[in-house]
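One letter stands for each residue in the lines below.
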Amino acid sequence: MEKVIGIDLGTFNSCVAVVEGGTPVVIANRGGYKTTPSMVAVTEAGKRLVGHIAKRQAVTNAENSVYAVKRLIGRKFNNPQVQAALKNVAYRIIEGPHNDPRIQLRDKVYSVPEISAMILQEMKMIAEDYLGQEVAKAVVTVPAYFNDGQRQATKDAGAIAGLDVIRIINEPTAAALAYGFGKNIDKTVAVYDLGGGTFDISIMEISSTGVFKVVSTAGDTFLGGEDFDQRVIDWLVAGFKDEHDIDLRQDRMALQRLKDAAEKAKCELSSVVETEVNLPFIISSARNEALHLQRLLTRSQLEELTEDLIKRTIEICEMTLEEAGLDKADIEEVVLVGGMTRVPRIQQEVAKFFGREPSKNVHPDEVVALGAAIQGAALLDEQQDMVLLDVTPHTLGIMVVGGYFEELIPQNSTVPTSRSKDFTTVRDNQTAVKILVMQGESKRAEENELLGEFILTGLRRAVAGQVEIEVTFEINADGIVSVHAKDKETGKEQSITVTSTSGLTKEELDHMITDAKDYAVARRDDEELEKAKQEATTLISEIQKLMPKVEEVVAGSDFGRDAMEKAKAVVDKAKTTMQQGDVKALREQIEALQRTQRMFKGVVGKVG
């Protein structure tokens with residue numbers, strides 16, 4: 001039976017889930033962990049590492065270990081936030097051919113969707129190992145405040161990973177689905193989602209009839225645990241510079257050690273009131289002396305360093321309530337999502353703002369993946385009575401004369417939806433109009449994102465303002481935007497379906513998909529070879545243990561000498577084949593080893 005997996009592609013950690021027998025379950029990776037670090041690395045030998053194995057070697061391979069790539073996805077290289085990342089990460093970010101940020105690992109340059117695809121491919125393989133079957137379809141979550149380009153880049157990452165992403169849904173919405181799944185409740189819920197790289201707040205109405213309706217959503221795609229870690233790093237760097245007049249940011253390995261230490265200290269301070277950051281031999285002085293970093297960080301100091309970040313999340317919550325036309329008293333439950341919501345001060349500020357203690361009924365790291373899996377199962381099951389009504393997180397409109405942005409579909413409009421507005425020509429004898437489709441909240445068109453453009457031609461020559469053009473925007477349930485422009489006098493029409501681009505050309509995307517498929521095949525072959533080697537090694541060990549007993553039983557007989565020589569030959573050939581790395585040949589040798597083992601056991605057993 002076909003399965004749809006749900007993937008929470010996180011900034012710090014990723015998680016995969018599936019619905020089995022009507023129950024959503026999180027799938028653990030081979031190490032037994034239910035979340036996998038969203039990290040990718042390339043070793044000196046050119047081997048790709050993903051997840052925990054990438055994180056473990058990040059300090060010694062800092063320049064070639066990538067983390068928090070979600071913050072770069074769907075952005076332009078000259079974006080201020082991308083430029084800020086250049087200074088704060090140990091790996092190399094360079095400008096790509098389409099003004100997109102790209103990452104150099106060893107001697108190869110990767111696009112951001114390509115790196116994200118490596119993480120998604122790992123999630124796919126984790127699910128396939130658990131289910132024992134190939135997985136082709138997935139629902140992937142994104143921050144609610146992701147724009148069209150960021151969503152498309154995430155979808156492209158899925159395609160590169162070999163996944164048909166049948167739906168992209170917002171992380172807070174997925175969390176609400178998991179929270180309300182199987183419960184007969186009617187509630188207005190606020191989902192406060194503060195993860196490793198992004199912040200979202202969504203107000204949702206959950207109905208006992210199975211309707212999940214998003215009323216309002218807002219967020220900041222560059223506000224999360226990374227920023228809290230960075231404040232600790234800045235504090236450590238400043239203190240070290242005051243003491244030794246050395247900027248630790250100039251050393252990539254030191255920077256990676258600082259990042260690990262800052263993250264660890266932040267996590268520890270959720271359960272203790274103070275912790276020591278101790279990094280021996282962090283760097284050498286000009287006189288070649290080994291220098292150490294040792295500082296005590298208290299919870300109150302951390303709260304002081306990050307006070308404005310927490311305040312920013314509360315301001316966004318306030319704005320979202322206003323957009324929804326609701327008071328704090330209208331919120332019946334506050335659901336905390338994302339690892340950062342374990343921070344005591346954040347829990348206190350959220351409780352203080354909403355006037356109620358947040359719910360502890362969901363797992364902050366797993367709930368988003370569970371919700372994605374629930375949505376995936378619902379899309380497969382036509383009998384499912386669950387209805388999800390999401391909203392468009394950004395305003396959609398067109399550019400009008402003077403360079404202004406004219407809104408057609410407001411932010412937080414429930415999708416699917418359609419809106420029309422009439423416009424007129426702005427010049428005498430104008431026979432064509434260019435429609436620039438845009439997304440954003442600024443009144444100035446140039447400050448918003450251009451989604452696409454098209455031209456309506458064949459207009460009647462007339463004085464400016466006499467010819468009327470009706471522009472219609474439509475958004476379907478998948479968030480795909482279609483725009484139509486019609487000459488109201490003649491009925492002549494032109495339209496465009498906005499298929500946003502991640503910055504990759506079709507040729508690049510096809511090449512990346514092929515590379516990913518080749519990697520998956522090679523990875524499976526390597527795993528099969530490793531498994532076969534372990535099996536062969538075990539059999540050889542058992543045969544060698546049996547050899548003295550068999551020699552004792554058949555000592556002096558021609559059968560015994562012949563059997564021992566054949567057994568030794570089988571063992572030697574198996575050892576040689578193991579070194580050659582041919583899986584098919586090794587499988588044949590494993591069968592020979594198994595026959596030898598059975599024969600030896602039979603000989604020893606008869607005597608016993």
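This text goes with the structure placed above it.
Since the structure is predicted, the reported quantities are computational estimates derived from the model, not experimental observations. (Residues numbered from 1 in each chain as written. Predicted model: local features only at pLDDT ≥ 70, side-chain atom pairs only at ≥ 80, totals over all residues. Heavy atoms only, no water.)

### Let's talk about the packing of aromatic side chains
The test is simple: In summary, the pairing rule links any two rings of Phe, Tyr or Trp, Trp by its six-membered ring, whose centres are within 6.5 Å, and it sorts them by plane angle into stacked for under 30 degrees, edge-to-face for over 60 and tilted for everything else. Only DSSP runs of H or I with at least four residues qualify as helices, and only runs of E with at least two residues qualify as strands; both kinds are numbered from the N terminus onward. Using a 1.4 Å probe on the protein chains alone, a residue whose accessible area is under 20% of its type maximum counts as buried, one over 50% counts as exposed, and one in between counts as partly exposed. To sit over a ring, a charge needs its Lys NZ or Arg CZ within 6 Å of the ring centre and within 35 degrees of the ring normal.
One pass over the full model with this rule turns up 3 aromatic pairs. Taken together, a centroid distance of 5.4 Å and an interplanar angle of 85° make the contact between Tyr-67 and Tyr-91 edge-to-face. On the criterion of sequence distance, the pair formed by Tyr-67 in the loop between strand 7 (65-66) and helix 2 (80-88) and Tyr-91 in the loop between helix 2 and strand 8 (92-95) is long-range, its members being 24 residues apart. Classification of Tyr-67 as buried rests on a relative accessible area of 5%. For Tyr-91, a relative accessible area of 3% corresponds to the buried category. Against the face of Tyr-179 rests Lys-183, its NZ or CZ located 4.3 Å from the ring centre.

### What to know about the pattern of salt bridges
To be explicit about the condition: Criterion for a salt bridge: a side-chain nitrogen of Lys or Arg within 4 Å of a carboxyl oxygen of Asp or Glu.
Under the counting rule described, the total for this entry stands at 34 salt bridges. Here Arg-252 makes a salt bridge to Glu-63, at a shortest N to O gap of 3.6 Å. Here the residue Arg-252 occupies a position in helix 7 (residues 252-268), and Glu-63 occupies one in the loop between helix 1 (52-56) and strand 7, the gap between them amounting to 189 residues. Overall, the relative accessible area of 35% leaves Arg-252 in the partly exposed class. Between Asp-227 and Arg-71 there is a salt bridge, with its nearest N and O atoms 2.3 Å apart. Taken together, the residues span a long stretch of sequence, with Asp-227 in helix 6 (residues 225-244) and Arg-71 in the loop between strand 7 and helix 2 at a distance of 156 residues. Accessibility assignment for this pair places Asp-227 and Arg-71 in one class, buried. Each of Arg-30, Glu-122, Lys-124, Glu-128, Asp-129, Arg-523, Arg-524 and Glu-527 takes part in a single network of salt bridges with overlapping partners.

### Thoughts on helix 12 (residues 506-553)
Stated formally: By definition here, a helix of n residues has an expected span of 1.5 Å times n minus one. Think of it this way: the bend at a residue is just the angle between two axes, each fitted to seven residues, one set ending at that residue and the other starting at it.
Compared with an ideal rise of 1.5 Å per residue, which puts 48 residues at 70 Å, helix 12 spans 70 Å between its outermost C-alpha atoms and is within 8% of the ideal. The largest bend in helix 12 is about 35°, located at Met-547, with the proline Pro-548 one to four residues further on.

### Some thoughts on empty space enclosed by the protein
For the record, the criterion: As defined here, a cavity is a set of points on a 1 Å grid over the protein atoms alone where a 1.4 Å probe fits but cannot get out. A pocket is an open set with protein on both sides within 12 Å along at least five of seven lines, and residues line them when an atom is within 4 Å of a point. Grid points are joined across faces, edges and corners, and a volume is the space filled by probe spheres set on the points. The nonpolar class holds Ala, Val, Leu, Ile, Met, Phe, Trp, Tyr, Cys and Pro. Asp, Glu, Lys and Arg form the charged class, and all remaining residues, Gly among them, are polar.
Here the structure, examined in full by the defined rule, presents 4 cavities of 30 Å³ or more. Within this model, the largest cavity holds a volume of roughly 120 Å³. Phe-12, Met-39, Lys-55, Lys-259 and Glu-263 are the residues nearest the centre of the largest cavity, which is lined by 13 residues in total. Looking at which element gives the most residues to the lining of the largest cavity, the answer is helix 7, with 4 residues. Here the residues of the lining of the largest cavity are counted per class, giving 4 nonpolar, 4 polar and 5 charged. Taken as a whole, the second largest cavity spans an internal volume of roughly 80 Å³. Around the second largest cavity, the lining is made up of 13 residues, and of these Leu-302, Glu-303, Val-343, Pro-344 and Arg-345 lie nearest the centre. Mapped by element, the contributors of at least two residues to the lining of the second largest cavity are helix 8 (299-305) and helix 10 (344-354). Here the lining of the second largest cavity takes 3 residues from helix 8, the largest share from any one element. Residue composition of the lining of the second largest cavity, by class: 7 nonpolar, 2 polar and 4 charged.

### Quick word on the environment of Ser-285
What counts is decided by this rule: Any pair of residues with heavy atoms lying within 4.5 Å of one another is described as a contacting pair.
Its location among the elements puts Ser-285 in the loop between strand 16 (274-284) and strand 17 (290-298). Looking at Ser-285, the relative accessible area reads 16%, which means it is buried. Not counting residues within four places of it along the chain, the set of residues in contact with Ser-285 comprises Ile-246 and Leu-291.

### Considerations on the nonpolar core
Under the convention used in this document: Here, nonpolar core refers to any group of buried Ala, Val, Leu, Ile, Met, Phe, Trp, Tyr and Cys residues whose side-chain atoms link them within 4.5 Å.
Grouped together as the largest cluster of nonpolar side chains are 56 residues, with contacts concentrated most on Ile-5, Ile-7, Ile-103 and Ile-115. A total of 10 residues in this core trace back to one element, the largest contributor, which is helix 3 (residues 112-131). Excluding its chain neighbours within four sequence positions, the residues that come into contact with Ile-115 are Val-40, Val-66, Val-69, Ile-103, Leu-105 and Tyr-110.

### Some remarks on the state of the cysteines
Our working rule: A pair of cysteine sulfur atoms is labelled a disulfide when the two atoms are within 2.5 Å.
Applying the stated rule across the entire model yields 0 disulfides. Looking at the unpaired Cys-15, the closest cysteine sulfur is the one in Cys-267, lying at 17 Å. A relative accessible area of 1% places Cys-15 in the buried class.

### As for a negative patch on the surface
Definition in use: Patches here: salt-bridge-free residues with over 30% relative accessible area, like charges joined within 9 Å, nonpolar side chains (Val, Leu, Ile, Met, Phe, Trp, Tyr) joined within 5 Å. Each accessible area is a Shrake-Rupley result for a 1.4 Å probe, and residues are judged covered by the shown protein chains and nothing else. Note on charges: Lys and Arg go in the positive column, Asp and Glu in the negative column, and His and the chain ends are not counted at all. Charge placement uses NZ in Lys and CZ in Arg. For Asp and Glu, CG and CD serve respectively.
Side chains of Glu-315, Glu-318, Glu-322, Glu-323, Glu-407 and Glu-441 sit close together on the surface and give a patch of like negative charge. It is helix 9 (residues 307-324) that provides the largest number of residues to the negative patch, a total of 4 residues. Residue position: Glu-322 is located in helix 9.

### A closer look at unusual backbone geometry
Looking along the chain, the bond that leaves Val-415 and enters Pro-416 is cis, with omega of 0°. Mapped onto the elements of the fold, Pro-416 is located in the loop between strand 21 (404-409) and strand 22 (417-424). In the Ramachandran plot, Phe-281 falls in the positive-phi region, its phi being about 50° despite a non-glycine side chain. Of note, Phe-281 is situated in strand 16. A relative accessible area of 57% places Phe-281 in the exposed class.

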